[in-house]
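# Residue-level structure breakdown
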Amino acid sequence: MDITLLGTGSPMPDPKRGGPATLVKAGNTTILVDAGRAVVMRLTAAGTLPIFLNAVLITHLHSDHLTDLNDVITTHYIMSQSETPLHIYGPPRTQEVVDATLAALAPDISYRLAHHPDTLTWQPNVVVTEVQPGMSFSVGEAKILVGKTNHAPVEPTVSFRIEHEGTSVVLGGDGIPCEALDEICKGADGYVQTVLRADLVSLVKNKRFLDILDYHSTVEQAAQTAQRAGVKKLILTHYVPSIQPGQEEEWRALAAAHFSGEIILGDDLTTTSL
Ligand SMILES: [Zn+2]
Ligand SMILES: [Zn+2]
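The text that follows walks through the structure, step by step, so that each part is easy to find. From a predicted model like this one, the values you see are computed outputs, not experimental measurements. (Residues numbered from 1 in each chain as written. Chains lettered and ligands numbered in written order. Predicted model: local features only at pLDDT ≥ 70, side-chain atom pairs only at ≥ 80, totals over all residues.)

## Regarding the sheet that holds strand β13 (residues 262–264)
The mixed open sheet is built from 7 strands, whose spatial order is β7-β8-β9-β10-β11-β12-β13. The sheet is open, and its two edges are formed by β7 (136–139) and β13, each paired on a single side. Strand-to-strand twist in this sheet, taken as the mean axis angle between neighbours without regard to direction, amounts to 25°. Examined bridge by bridge, strand β11 (residues 190–196) and strand β12 (residues 233–240) share 6 bridges and lie parallel to one another. Looking at the pairing, Thr194 lines up with Thr237 of β12. Lying on the sheet, helix α8 (residues 219–229) is in contact with β11 and β12; it crosses β12 at an angle near 160°. (Pairing = 2+ DSSP bridges. Helix = DSSP H or I, 4+ residues; strand = E, 2+ residues; numbered from the N terminus. Axes fitted to C-alpha atoms, helices over the stretch in contact; angles between N-to-C directions. Contact = placed C-beta atoms within 7 Å.)

Right, here's the structure in full:
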């Protein structure tokens, strides 16, 4: 199983980091988790395209995790040579978001249908499944388990555990540690967690920025979750603030103080195998 951090940024624009998005390749199954800024560019750089995705999983409906879902939908649509469904799994209200996205794309879709009457005779076929913690389902060769996370006041939010031939990875999404997260991470080979540095965020004397401290795992908390759950490899992403060149080891050391396994972090397109 290969995990690629497609986008390691956050809502704060960074020319070198796309928004939250992670690619999981498990055998012949390709799964995208979240679809932040620049996701289609990074997917292409990772050697795949929206039409090759077996599914898109959405952890929650914060805009930074969704902002380029429209690009995934459109690129999937225009590159499909026959009517092909795009499967999206996400928490309740995902259908509402997808419907609104398709509504925003309505003029574009009408132009394409008018321009290619012989070869494009269908609308985008987006199949949304709204998921709840405790649910499980299959995508290609992979089995997916849905967990609960704590990203209050954002509700509902979910994590995903992807299992394939005895290997597993948990995508924790945003949130602070909680029992349900420990539970779904238990014994996983990999655990991808979005993180912030409380020490650095605290330096910015801006109330709205400081507000984010109470609903994101710090680097240390992600490491503690990984340690409690007996995870083999901790994969950090969604860096707030962005990791600056040369700071990687400082971030790694903060996690290593609480977690004895391997720690992966880096730029967009960092890939690790489980
Ligand atoms: Zn986020
Ligand atoms: Zn969020």
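From this point, the narrative continues.
## Thoughts on the nonpolar core
Counting 68 residues, the largest nonpolar core has Ile31, Val56, Leu234 and Ala255 as its most contacted members. With 5 residues, the top contributor of residues to this core is β12. Among all residues touching Leu234, those that are not within four sequence positions of it are Tyr191, Ala222, Ala223, Ala226, Ala255, Phe259, Gly261 and Ile263. (Core = buried A, V, L, I, M, F, W, Y, C linked by C-beta atoms within 7 Å. Buried ≥ 20, exposed ≤ 12 C-beta atoms within 10 Å, placed from the backbone.)

## Side note on the environment of Thr67
Turning to its location among the elements, Thr67 is positioned in the loop between β4 (55–57) and α2 (69–79). Considered as a pair, Thr67 and Gly36 are 31 residues apart in the sequence and their alpha carbons are 5.1 Å apart.

## A few points about the pairing of strand β1 (residues 2–7)
With 5 of its 6 residues buried, β1 lies for the most part within the structure. Pairing geometry for β1 and strand β14 (residues 270–273), over 4 bridges, is antiparallel. Considered in β14, the bridge of Ile3 is made with Thr272. Sheet topology note: the β1/strand β2 (residues 21–26) ladder contains 5 bridges and is antiparallel. Considered in β2, the bridge of Leu5 is made with Thr22.

## Re the packing of α8 against helix α9 (residues 248–256)
Between two packed helices, both the angle of their axes relative to each other and the distance between the axes serve to describe the pair. Across the interface, α8 lies against α9 with an axial gap of 8 Å and an inter-helix angle of 45°. It follows from the interaxial angle that α8 and α9 lie oblique. Like other packed secondary-structure pairs, α8 and α9 cross with a definite hand, here right-handed. Each of Val219, Glu220, Ala222 and Ala223 in α8 lies in contact with α9, whose residues at this interface are Trp251, Leu254 and Ala255. In terms of residue class, the contact of α8 with α9 is built from 6 nonpolar, no polar and 1 charged. (Parallel < 35°, antiparallel > 145°, perpendicular 65-115°, else oblique. Left-handed = near helix turned anticlockwise from the far one by under 90°. Nonpolar A, V, L, I, M, F, W, Y, C, P; charged D, E, K, R; others polar.)

## Concerning the sheet that holds strand β3 (residues 29–33)
Taken in spatial order, the 7 strands of this open sheet run β6-β5-β4-β3-β2-β1-β14, and their pairing is mixed. Of all strands in the sheet, those bounded by a partner on one side alone are β6 (125–130) and β14. Each strand axis lies, on average, 20° off the axis of its neighbour in the sheet, ignoring direction. As paired strands, β2 and β3 are joined by 5 bridges and run antiparallel to one another. Within β3, the residue paired with Lys25 across the bridge is Thr30.

## Looking at unusual backbone geometry
Here Glu155 and Pro156 are connected by a cis peptide whose omega angle stands at -10°. Along the chain, Pro156 falls in the loop between β8 (142–148) and β9 (158–164). Backbone torsion omega between Val240 and Pro241 reads -10°, so that peptide bond is classified as cis.

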